[in-house]
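Inside the fold
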Amino acid sequence: MADPTQSAAAELTREDSSRRSFMKLVGSGGAAAFATLIAACGSSDSSSTTASSAATSTGTMTRTTAAGNAGDLEIVNYALTLEYIEAAFYEKVVASGLFKGRQQDLLKQIADAENQHVAALTATAKQLGGTPVARPQTRFPLGSAGAVVQLAAVVENLGAAAYLGQAPRISSKEVLAAALSIHSVEGRHAAALNTLAGRTITPDGAFAKPASMAQVLPKVKPFIVS
Amino acid sequence: MAPHRSTAAPELAGIEIHGISRGAFLARGALAAGAVYGVGTVGPFVSEALAQSDAGDIDIVNFALTLEYLETAFYAKALTLGLRAETMRLARLLHGDEAQHVAALAATARKLGGTPAARPTFTFPITDEASFLKLAQTLEDTGVGAYNGAAPSIRSREVLGAAGSIVQVEARHAAAIRLLNGTSPAPDAFDRPLTQDAVLAAVRPLIKS
């Protein structure tokens, strides 16, 4: 974990360039809404959130400390992997024919959200100067509707805990704001799936528990073929 | 639903909550208009989100504490309304969670060397199941946006972790209330952050003193 004082200092110097870099996302289709959010996360200097400053942005985030940038990229690619898994899962669930009516509508909406998360995190990895992690090949045990709902609840609670585990490790204020805007949506998904699964909406009580990469990765490994 | 009150209303002029900058409580006419009717109405103002670098951790914690006071009082009133059994169970659960958030945030304010914000008195225009669920949805969605808007400005990683742990629970509350309202638990792929000003404009009509 980076030293908070150091990352705060780094933030001051890189804030302008990183905000501009995220503004470049505005025109990139599916990530547009996300980029609007990101753009909202800058400093009080609104003048630099104009399209012209975005267009002139080059060498984005070069003033970022290597450790902070590399750390954020690792976290973004980790989140992207989880979103790939979720997106693939819901794609199969929606196509399974196991659900109808309002449940199917909800699952479609969740599938759409996970796809938007994939697009946004892919763009974010690029903006951080990195390479988005490859989409893994996945497999899921889709037996009955009941079993699928139980599995979906497990996946969503794990995803929410994974974001919560990473949030305090993120150096960039913009990436943090983005992660938080996804994190609470995963929390909503988890509560909805928990309700469908007959579980409590708040399995951890009044305070959600974070999960580290070391805790999360072994749990999703069974879903990854390669 | 709350009747809209003019921001020039005399009863609002004296509102001040310890620990939050006075400026945050000055009337912001455009934002206040209709803000209490839903977070969507403050959407266009997200460009101001997170532009609050002058707010220290104690201010942010006390801001959150005030919202949790409000939510706790809101669910306490809801428990007196004669709600349906399923709704009552949820209201009871949420009341308990919000009360725990109050305790945790008050302790956090002290740990940071600050004074926890005083508990305001509130007024809630809820009289039945429908009016409760409608305002609950607005309050929980607003709570999520409030934490998401304030959290990136938090300096302490411990406080940030605590805020994250609470906002996830608020998001779960929002989803559950929305399901009871017969609406989508997660209407958007990304939850929008809200500024303190937007949040305060939304809840101001509910604060008596």
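Because the structure is a prediction, the values reported are computed rather than measured. (Residues numbered from 1 in each chain as written. Chains lettered and ligands numbered in written order. Predicted model: local features only at pLDDT ≥ 70, side-chain atom pairs only at ≥ 80, totals over all residues. Heavy atoms only, no water.)

1. Here's the deal with the overall build of chain B
Of regular secondary structure, chain B possesses seven helices and zero strands. Listed by position from the N terminus, the elements making up chain B come as α-α-α-α-α-α-α. Within chain B, buried positions represent 60% of all 209 residues. Restricting the contact set of chain B to residue pairs at least 6 apart, pairs at least 24 apart contribute 84%. Roughly 7700 Å² of accessible area belongs to chain B as shown, and the carbon and sulfur atoms make up 56% of that amount. (Helix = DSSP H or I, 4+ residues; strand = E, 2+ residues; numbered from the N terminus. Buried < 20%, exposed > 50% of the residue type's maximum accessible area, 1.4 Å probe, protein only. Contact = heavy atoms within 4.5 Å. Areas by Shrake-Rupley, 256 points an atom, 1.4 Å probe, with all protein chains shown as cover.)

2. Observations regarding the side chain of Glu156 of chain A
Looking at the secondary structure, you find Glu156 of chain A in helix H6 (residues 145–166). Buried and without a salt bridge, Glu156 of chain A has Arg172 of chain B as its closest oppositely charged side chain, separated by 8.2 Å. When near neighbours in sequence (up to four residues on either side) are disregarded, Glu156 of chain A contacts Glu86, Tyr90, Ile110, Glu114, Glu186, His189, Ala190 and Leu193 of chain A. (Lys, Arg positive; Asp, Glu negative; His and termini not counted. Salt bridge = Lys/Arg side-chain N within 4 Å of Asp/Glu carboxyl O.)

3. Description of helix H5 (residues 101–127) of chain A
The end-to-end C-alpha distance of H5 of chain A, which contains 27 residues, comes to 39 Å, matching closely the 39 Å that a straight helix rising 1.5 Å per residue would cover. Positive backbone phi, at 85 degrees, marks Gly129 of chain A, one or two positions downstream of H5 of chain A. (Expected span 1.5 Å × (residues − 1).)

4. Quick word on the interface of chain B and chain A
In this complex, chain B contributes 48 residues to the contact, which on the side of chain A involves 50 residues. Note on chain B versus chain A: buried area summed over both sides is about 3800 Å², and carbon and sulfur give 64% of it. Counting across the chain B and chain A interface gives two salt bridges. Of the charged contacts, one joins Asp141 of chain B and Arg188 of chain A as a salt bridge, the two residues approaching to 2.8 Å between their closest N and O atoms. Here chain B is connected to chain A by 16 residue pairs in polar contact (both at pLDDT 80 or more). Elements with a minimum of two residues in the side of chain B that touches chain A: helix H4 (85–111), helix H5 (129–150) and helix H6 (157–180) of chain B. Considering each element in turn, the side of chain B that touches chain A owes the most residues, 17 residues, to H6 of chain B. Here the side of chain B that touches chain A is built from residues that sort into 26 nonpolar, twelve polar and ten charged. (Buried area = accessible area lost by both parts, 1.4 Å probe. Polar contact = N/O pair within 3.5 Å; in protein donor to acceptor, adjacent residues only side chain to side chain. Nonpolar A, V, L, I, M, F, W, Y, C, P; charged D, E, K, R; others polar.)

5. Describing the confidence of the model for chain B
Residue and element names in this part refer to chain B. For chain B, mean pLDDT is 79; residues scoring 70 or higher make up 74% of the total. Counted against residues more than four places away or in other chains, residues 1–54, with its pLDDT under 50, gives 107 contacts. The ipTM, which scores confidence in the relative placement of chains, is 0.77 for this predicted complex, and the corresponding pTM is 0.76. (pLDDT = per-residue confidence, 0-100.)

6. Looking at the pattern of salt bridges
In total, this model carries five salt bridges over all chains according to the counting rule given. Here Arg84 of chain B ties to Glu86 of chain B by a salt bridge, and the two come within 3.6 Å at their closest N and O atoms. For Arg84 of chain B, a relative accessible area of 43% puts it in the partly exposed group. Glu86 of chain B gets classed as partly exposed once you look at its relative accessible area, which sits at 41%. The salt bridge involving Asp141 of chain B is made with Arg178 of chain B; its shortest N-O contact spans 2.8 Å. Taken as a pair, Asp141 of chain B in helix H5 and Arg178 of chain B in helix H6 lie far apart in primary sequence, 37 residues in all. With respect to burial, Asp141 of chain B and Arg178 of chain B carry one shared label: buried. Taken together, the shared-partner salt bridges in this structure form one network comprising Arg188 of chain A together with Asp141, Arg178 and Asp191 of chain B.

7. Some details on H6 of chain A
Under the 1.5 Å per step criterion, the end-to-end length of H6 of chain A is 32 Å for 22 residues, consistent within 8% with the ideal 32 Å. Along H6 of chain A, 17 of the 22 residues are buried, which leaves the element largely enclosed by surrounding structure.

8. Brief notes about the nonpolar core
Within the largest apolar cluster, 106 residues are counted, with the highest numbers of intra-cluster contacts made by Phe74 and Phe132 of chain B. By residue number, the principal contributor to this core is helix H4 (residues 66–95) of chain A, which donates 14 residues. Residues within four places of Phe132 of chain B in sequence aside, it is in contact with Phe74, Tyr75, Ala78, Leu81, Leu83, Thr87, Ala91, Ile126 and Ile177 of chain B. (Core = buried A, V, L, I, M, F, W, Y, C linked by side-chain atoms within 4.5 Å.)

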